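# Examining the three-dimensional arrangement
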Amino acid sequence: MAGVAVSTTINGDNVEYLCQPDETLLDVLRDRLGLTGSKEGCGTGDCGACSIILDDRLVCSCLVLGAEAEGRRVETIEGMAHGDTLHPLQQKFLEHAALQCGICTPGFLIAAKDLLAKNPDPTEEEIRFGLAGNLCRCTGYDKIVRAVQDAASAMKGA
Amino acid sequence: MNFDPRYSTRSFASVGTRPIRPDGVDKVTGRARYGADFNMAGQLVGRVLRSPHAHATIRKIDTSKAEKLAGVKAVITAADLPDLTDGDAAMYDILDNCMARKKALYDGHAVAAVAAVDARTARQALKLIEVDYEVLPHVVDVDEAMKHTAPLLNDAIFTEGLEEKPTRPSNITKRTQFGHGDIHEGFGQADFVVERSFKTEQTHQGYIEPHACVASVSSDGTADLWVCTQGHFVYRQHCAQLLGMEASKLRVTSSEIGGGFGGKTHVWAEPVALALSRKAGRPVKLVMTRDEVFRASGPTSATSIDVRIGARKDGTITAAEATLRYSCGPYAGMWAEIGAMTAFACYRLENVRTVGYEVLVNRPKTAAYRAPSAPMAAFAVESAVDELAKEIGMDPVEFRIRNAAQEGTRSSYGPVYGPIGIGPTLEAAKNHPHMKVPLGKNQGRGMACGFWFNFGGQTCTDLNIGMDGSVSLAVGTVDVGGSRASLSLVAAEELGIAYEQVKAVVADTSSLGYNDMTDGSRGTFSSSMATISAARNAIKILRERAAQMWDIPVDDVVWEKGHTIAKGEKYGNLAALSLREIAAASGKTGGPIAGHSELVADGAGVSFATHICDIEVDPETGATRVLRYTVVQDAGKAVHPTYVEGQYQGGAAQGIGWALNEEYIYGKDGRLQNPGFLDYRIPVCSDLPMIDTQILEIPNPNHPYGVRGVGETSIVPPLAAIANAVSNAAGVRMTHIPMSPPRILAAIVAERGG
Amino acid sequence: MVEVTLWGSLGAIAGGKSKVEIEAKDIRELFRKLAEQYPGFEPYIDRGIAVAIDGVIYRDTWSKELPQGAEIFLLPRLAGG
Ligand code: FES
Ligand code: FES
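- Under the annotation held in an unreviewed UniProt entry, chain C carries the name Sulfur carrier protein ThiS and is attributed to Mesorhizobium escarrei.

Printed below as a string of C-alpha cells:
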C-alpha cells in the first residue's frame, strides 16, 4: 500500500510525515513521531486516553486517520506546558494528586483544557459531564474534578 | 541485621505531609514511559491468535502459509514453549494459559502467535494460520459447572479436601473449610435466623493500560524484557522458568504501570513475546488490544454464595455459616478459599463455619482483583447482616458495633486479632454527618464493613548517599499509585532531611535483590519497612564517619535531625555535622556511604473499613444514582494522606461499578459478548459524586511507624453497602450483583406481585 | 512442645484433628516435622503455608522462633491484588 504524504502542524511546529491510508493519527503520533504522551486504552473511542485537540475540537486520535491531519492544527499533551512552565491544569493535577497511575492523565488534561476553553467557569456537574468521555480506573474522579475546579479559578485570576 | 520492626509512639516531621510526587511532572507532560511507550531498534510487532471457542480440542495447527507471508519473521505455537515446568502444577497452568497445548479452554485462549515487520502484516499472518478445532461442550456458569452432568474441563481433576476420596473427576478442584465452635448449637440459641443465596457476576480489573511488553533475546542467551507489571522480579522468575533460561540472564525492567489492581501479577504475553524474539532473533513488541485484555486477562471469579446467620433478641450473633462457590476459570485456584476466610472476619463469633468450593469453568483464568474474593463474600454476609438487624429491629450500625471483632477476638479464619480498627470505623461511621443527611423519596441509605489481610513479604531496598548529600532510594516494589512519594517521605523522616533531598526509583531486576510481587497492599508497608532499615544502616555508617572526622569514639556520636552530634561535655565546642558535610568528606573517610536492607516484611496489620452510601432508585426504570458516598478506613499510619485518600476513593469507585454495572456477559456459544469499554461500562465521571474519606490511624504494632496496607480494603464494602442502600430505596432485597437497571426493575416488579 | 492449630482442610488430612502438638523451635523445624508426621501436608507446604504466631501472620520467615505458649495457627498462603 502506498503511503500518504501529510503536512500538518503539531503543537505549533510544522511536521511532515508519510503514513498508510488506514493508519490512525494516534499510531502516527506514537509510532512515527515518537509522541507517546497520547495513550491507547481501547482504540475504539471509548476511553479518551488518546484525546487530542484538532483545530479547536476535542477528538479521540484513535478515531482519526493520520491522513486527516493534512493542513490542520494538532495539539497534544506534549505541547501543553510552555517550556519549563506547566499549564495551570498540569500544576493543579499535581497538587491535588489527581493522578495515581497516570495513564489517563494526558487525556484528562487535554479534555479539561478543551472544557475550560469553552466554559471557563464550569459547575461541578458541567465538569463531570464534560469529562465523561475519559475513563479513569484509579482515582474515582474526586481529585480530578477538584483539580479542574481549582485550575479554573486560578486561570480566571490570571 | 538487628532491625526492630516494632512500633513505638513518635512524632513525625515528613511522614503525614502531602508533597508532590517525584514522578509527577513526567506524568502530566506525557513524558513518563508506560508499557507500550518503549521501542527498540529493529523491533517486530507481535500478535496472538486466540481461540474463538469456549472449549475445543486442538487437533492440528498449520502455520506454513503464515510463515511464507513476506515480512513474517516468526510463528510460534505451544511446540515453541515446551513444558519445562517439571511437575510444578501451578507453573504448568501458567504455561498452558500463555499458549494452549491440547485444548482451548475459553474464548480468547492463545493458540499461536506471530512476529512480523509491522502490525498489518502480523494481522494478515494470523488469518493464514489454520487451526483444526474439535469443538467440545462448554460450561461458563459456576453453579452449572458443579453438576455431575456438566462438561468436564479437565478429567484429571478429582476434588481435593473431601472426607472420602472421590472416584470420578469433577470441575470442583477443592473444598476448603474454616471456622470454630459448633454452629448447630449456635443456631439453636438464635431467636432470629436469616438465610439467603446470592450471586455475583464476573468483573475485570479494568486498568486503562493494556498489557504491553518489549522482549529482546540475544543469541548469547541473555535477554531483556520491558514490561508493565506489578512484580518484575516474579515475572523474571516465571519467564526464565518457562523459557529455560537462567534468571540472572534475563533483565526485567518495570515500566510505569497504567493500573494493575492485581491484574498485572500474572504473566500472559511476556513468555510469548520472549519466545517470538528468540525464534526471530529480533526484539518483539507485544501489546494487547482492549478486546484481548477482556477476553484473555484479568477477571475475578463469578460467585454463588449461601449465607445463614442467627442472633438472639438482644442482637448478639449466635452462629454464622456460609457456603461459597467461586469460579476459577479453567485452572485450579484458591479464590473460594480466600472468600471463606474473609467472609465473617469483621465479627466476633463463637460459632462460625465457612465452606469454599473452587470451580472450573470455560472462562479466562481468574486473577486477583484488589482484595481478591473478599468483596463478593462481604456482599453476601453484609446483606444478610443488614436483614437480620432489620428483623431484630436494631439499627444496622448498632447491630454491627455490638458484634464487631476486637483485640483478642478469635477471627473467623483462625488467629486471634491484635489491635484492630473495625470498632473504631463503625463508631466513626455512626457519628459521621453523612448519617444525618435527610433522604428523599425513592432514596435509600446503606452501609457495610469490609476486611482485608494485607501482605508483607520479601523486600530489598538500597539507599545511596551521593557526595552532595542527596539520597537515592532504589526500591523493588512497583509504584502503582504514588509509593515513590511515600517512600521518599519515609527516607526523609528516618534520616531527618528534607523530602526534596530524596529521589526514589524503581530498580530493575539486575540492580537489586529479589522483591515479591507488589500485591496484597504490601508496597508501602514492606518497602517502607525496608527503607527504614536501610536508612538506619546508613545512619550507622554516617555516625562512624563523623566519629572519624572528629576523631572520637563512635559510641559518643548520635544522629539527630539529619546531623551527627557529639555527646558529652568534653565535646562542647564540636559543631554538629550535617549529612551533606559527612557525605562531602566520604571519599576520604572510607568511600561511598550507603544503607542496604534485605528483609521479609512480616506482620502486615489487617485492615478494616466501613462505607456509607445513599442511592436513588427510579422505580419505573430500575436506574440508580449514587447521591453520596463515604469511606472510613484504618490506615495504621497514613504516610502520604492524599494518596491514602486516593486509594480509598479509587477502591470505592471500582466497587460502585461492580455493584451497579460491570459484568462479563457470555452468549450461549460461550463467547464473551462485551469485550470493550462501550459494553463493559466502568463508572465515568458523571456517574459518581465526590467520595468523602475519613482516615483512622490505629497503629500496626509490627511496623516502626504503625503503617498498614491501605490499597485493597476499600473495594470490599461497596458491593454490600450499595446493595443495602438499593434494597432500602426499592423496598426489596437485592441478591444479584451487578444491580443493573433490568435486575432492579425485575425485583421491584416481582415484589409488587406483577 | 508447641500446640499448632490447623485450618479446616488441613485438619482433615491430620485425621480430623484440629490441633497437633509438635516439638519445634522455629517455623522451619515446624514444617519439617509436620511433613514427617503427616506426609499429606507436603503438597500444602510446597504451595505455601503461612503461620500466625499470636495473631501476626508470617509468610516467609522460616527462621521465626515459636515462643512457648504462643498461639500458633496455620493458614493457606494467599494471593493479593
Ligand atoms: S484509545 Fe482512543 S478512546 Fe481509547
Ligand atoms: S490515574 Fe490510573 S487510570 Fe486514571
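## What about the overall build of chain C?
- Of the regular secondary structure elements, chain C holds three helices and five strands.
- Along the chain direction, N to C, the helices and strands of chain C fall in the order β-α-β-α-α-β-β-β.
- Over its C-alpha atoms chain C spans a radius of gyration of 12 Å, differing by no more than 12% from the 12 Å that the globule rule assigns to 81 residues.
- By principal-axis analysis of the C-alpha atoms, chain C measures approximately 35 × 25 × 20 Å.
- Looking at the 81 residues of chain C, the share that counts as buried comes to 54%.
- The contacts in chain C between residues at least 6 apart in sequence include a share of 47% that link residues at least 24 apart.
- Surface exposure of chain C reaches about 3600 Å², of which carbon and sulfur atoms provide 50%.
- Averaging the locations of the 10 positively and 12 negatively charged side chains of chain C gives two centres separated by 4 Å.

## Re the overall build of chain A
- Scanning chain A for helices and strands turns up five helices and five strands.
- For 158 residues, the compact-globule formula gives about 15 Å, and the C-alpha radius of gyration of chain A, at 16 Å, lands near that figure.
- If one aligns the C-alpha atoms of chain A with their principal axes, the spans along those axes are about 50 × 30 × 25 Å.
- Across the 158 residues of chain A, 56% fall into the buried class.
- Contacts spanning at least 24 positions in sequence make up 54% of the contacts within chain A whose residues lie at least 6 apart.
- Accessible area of chain A: about 6200 Å², with a carbon and sulfur share of 49%.
- Of the side-chain charges in chain A, 14 are positive and 23 negative, and the distance between the mean point of each set is 5 Å.

## Re the sheet that holds strand E3 (residues 72–76) of chain B
Residue and element names in this part refer to chain B.
- An order of E3-E5-E1-E12-E9-E10-E11 is seen for the seven strands of this open sheet, with the pairing classed as mixed. The sheet terminates laterally at E3 and strand E11 (250–254), the two strands that pair on one side only. Going from strand to strand, the sheet's axes swing by 20 degrees on average, the running direction of each strand aside.
- Judged from the five bridges that link them, strand E9 (residues 212–217) and strand E10 (residues 223–227) form a sheet pairing that is antiparallel. When the bridges of E10 are listed, alanine 215 appears paired with leucine 225.
- Relative to the sheet, helix H4 (residues 119–128) contacts strand E1 (44–50), E3 and strand E5 (110–116), its axis offset from that of E1 by approximately 25 degrees.

## A short note on the sheet that holds strand E25 (residues 624–634) of chain B
Residue and element names in this part refer to chain B.
- With mixed pairing, four strands are arranged side by side in an open sheet as E16-E24-E25-E26. Every other strand in the sheet has two partners, leaving strand E16 (443–452) and strand E26 (691–696) as the edge strands with one partner each. Each adjacent strand pair in this sheet contributes to an overall mean axis angle of 15 degrees, direction not counted.
- Summarising the sheet, E16 and strand E24 (residues 607–617) pair through ten bridges and their orientation is antiparallel. Paired with glutamine 443 across the strands is glutamate 616, a residue of E24.

## Some details on unusual backbone geometry
Residue and element names in this part refer to chain B.
- Going from isoleucine 737 to proline 738, the amide bond is cis rather than trans, its omega being 5 degrees.
- Residue placement: proline 738 occurs in the loop between strand E27 (736–737) and helix H20 (741–752).
- Notably, arginine 370 is not glycine yet its phi reads approximately 30 degrees, a positive angle.
- Positionally, arginine 370 belongs in the loop between strand E15 (352–359) and helix H11 (374–392).
- Among the residues examined, arginine 370 registers a relative accessible area of 3% and is labelled buried.
- Positive phi outside glycine occurs at serine 373, with the angle close to 75 degrees.
- Mapped onto the elements of the fold, serine 373 is located in the loop between E15 and H11.

## A look at the interface of chain A and chain B
- On the side of chain B, 50 residues touch chain A, which itself brings 47 residues to the contact.
- Carbon and sulfur atoms supply 59% of the area buried between chain A and chain B, which totals about 4000 Å² over both sides.
- Along the contact surface separating chain A from chain B lie five salt bridges.
- Here B:Arg120 ties to A:Asp22 by a salt bridge, and the two come within 3.6 Å at their closest N and O atoms.
- Counting the contacts that link chain A with chain B gives 23 residue pairs in polar contact (both at pLDDT 80 or more).

## Things to note about the pattern of salt bridges
- For the coordinates displayed, the defined rule picks out 63 salt bridges over all chains.
- Close ionic contact of A:Asp121 with A:Lys156 constitutes a salt bridge, the shortest N to O distance being 3.3 Å. Of the two residues, A:Asp121 sits in the loop between helix H3 (105–118) and helix H4 (124–130) while A:Lys156 sits in helix H5 (residues 142–157), which places them 35 residues apart along the sequence.
- A relative accessible area of 48% places A:Lys156 in the partly exposed class.
- Between B:Arg251 and B:Asp508 there is a salt bridge; the shortest N-O distance is 3.9 Å. One end of the pair, B:Arg251, is in strand E11; the other, B:Asp508, is in the loop between strand E19 (502–506) and helix H15 (523–550), and 257 residues separate them in sequence.
- Beyond isolated ion pairs, a larger network of salt bridges with shared partners links B:Arg21, B:Asp23, B:Lys27, B:Glu256, B:Asp479 and B:Arg484.

## Some details on the pairing of strand E5 (residues 72–76) of chain C
All names here are of chain C.
- With five of five residues buried, E5 lies mostly within the body of the structure.
- The pairing of strand E1 (residues 2–5) with E5 spans two bridges and is classified as parallel. Bridging across to E5, threonine 5 finds its partner in phenylalanine 73.

## A closer look at the domain arrangement of chain A
Residue and element names in this part refer to chain A.
- Taken domain by domain, chain A comprises domain 1 (4–79) and domain 2 (88–157).
- One C-alpha centre belongs to domain 1, the other to domain 2; they are set 22 Å apart.
- Every contact between the two is made by 15 residues of domain 1 and, on the other side, 13 residues of domain 2.
- Interface of domain 1 and domain 2: buried area, both sides summed, is about 1100 Å²; carbon and sulfur atoms make up 61% of it.
- At the junction of domain 1 and domain 2, the tally comes to one salt bridge.
- Between lysine 113 and glutamate 75 there is a salt bridge, with the nearest N and O atoms lying 2.7 Å from each other.
- Mapped by element, the contributors of at least two residues to the side of domain 1 that touches domain 2 are strand E3 (51–54) and strand E4 (57–60).
- Among the elements that make up the side of domain 1 that touches domain 2, the one with the highest residue count is E3 (three residues).

## A look at the packing of aromatic side chains
All names here are of chain B.
- In the structure shown here, the tally under the stated rule is 21 aromatic pairs over all chains.
- Ring geometry for phenylalanine 451 against phenylalanine 453: centres 5.0 Å apart, planes inclined by 80 degrees, an arrangement best described as edge-to-face.
- With relative accessibility at 2%, the residue phenylalanine 453 sits in the buried group.
- A cation over an aromatic ring shows up here: arginine 308 above the ring of phenylalanine 187, its NZ or CZ 3.8 Å from the ring centre.

## Describing the environment of B:Arg410
- Tracing the chain through its elements places B:Arg410 in the loop between helix H12 (396–403) and helix H13 (422–430).
- Using a relative accessible area of 29% as the deciding quantity, one classes B:Arg410 as partly exposed.
- If near-sequence neighbours (up to four positions away) are discounted, B:Arg410 is found in contact with B:His180, B:Pro415, B:Val416, C:Glu71 and C:Phe73.
- At 2.5 Å, the side chain of B:Arg410 forms a polar contact with the backbone oxygen of B:Gly414.
- Only 2.5 Å separates the side chain of B:Arg410 from the side chain of C:Glu71, close enough to count as a polar contact.

## Let's talk about the interface of chain B and chain C
- Of the residues lining the interface, 39 residues belong to chain B; the matching set on chain C comes to 23 residues.
- Each partner contributes to the roughly 2200 Å² buried at the junction of chain B and chain C, and carbon and sulfur atoms together form 57% of this total.
- B:Arg410 is the salt-bridge partner of C:Glu71, the closest N and O atoms lying 2.5 Å from each other.
- The interface formed by chain B and chain C holds four residue pairs in polar contact (both at pLDDT 80 or more) in total.
- Mapped onto the side of chain B that touches chain C, the elements with two or more residues apiece are strand E7 (172–180), helix H10 (335–342) and strand E17 (457–465) of chain B.
- The greatest single-element share of the side of chain B that touches chain C, amounting to five residues, is contributed by E7(B).

Definitions and cut-offs
- Residues numbered from 1 in each chain as written.
- Chains lettered and ligands numbered in written order.
- Predicted model: local features only at pLDDT ≥ 70, side-chain atom pairs only at ≥ 80, totals over all residues.
- Heavy atoms only, no water.
- Helix = DSSP H or I, 4+ residues; strand = E, 2+ residues; numbered from the N terminus.
- Rg over C-alpha atoms; globule rule 2.2 N^0.38 Å.
- Buried < 20%, exposed > 50% of the residue type's maximum accessible area, 1.4 Å probe, protein only.
- Contact = heavy atoms within 4.5 Å.
- Areas by Shrake-Rupley, 256 points an atom, 1.4 Å probe, with all protein chains shown as cover.
- Lys, Arg positive; Asp, Glu negative; His and termini not counted.
- Charge placed at Lys NZ, Arg CZ, Asp CG, Glu CD.
- Pairing = 2+ DSSP bridges.
- Axes fitted to C-alpha atoms, helices over the stretch in contact; angles between N-to-C directions.
- Buried area = accessible area lost by both parts, 1.4 Å probe.
- Salt bridge = Lys/Arg side-chain N within 4 Å of Asp/Glu carboxyl O.
- Polar contact = N/O pair within 3.5 Å; in protein donor to acceptor, adjacent residues only side chain to side chain.
- Domains from an automatic or database assignment.
- Phe/Tyr/Trp six-rings, centres within 6.5 Å; stacked < 30°, edge-to-face > 60°.
- Lys NZ or Arg CZ within 6 Å of the ring centre and 35° of its normal.

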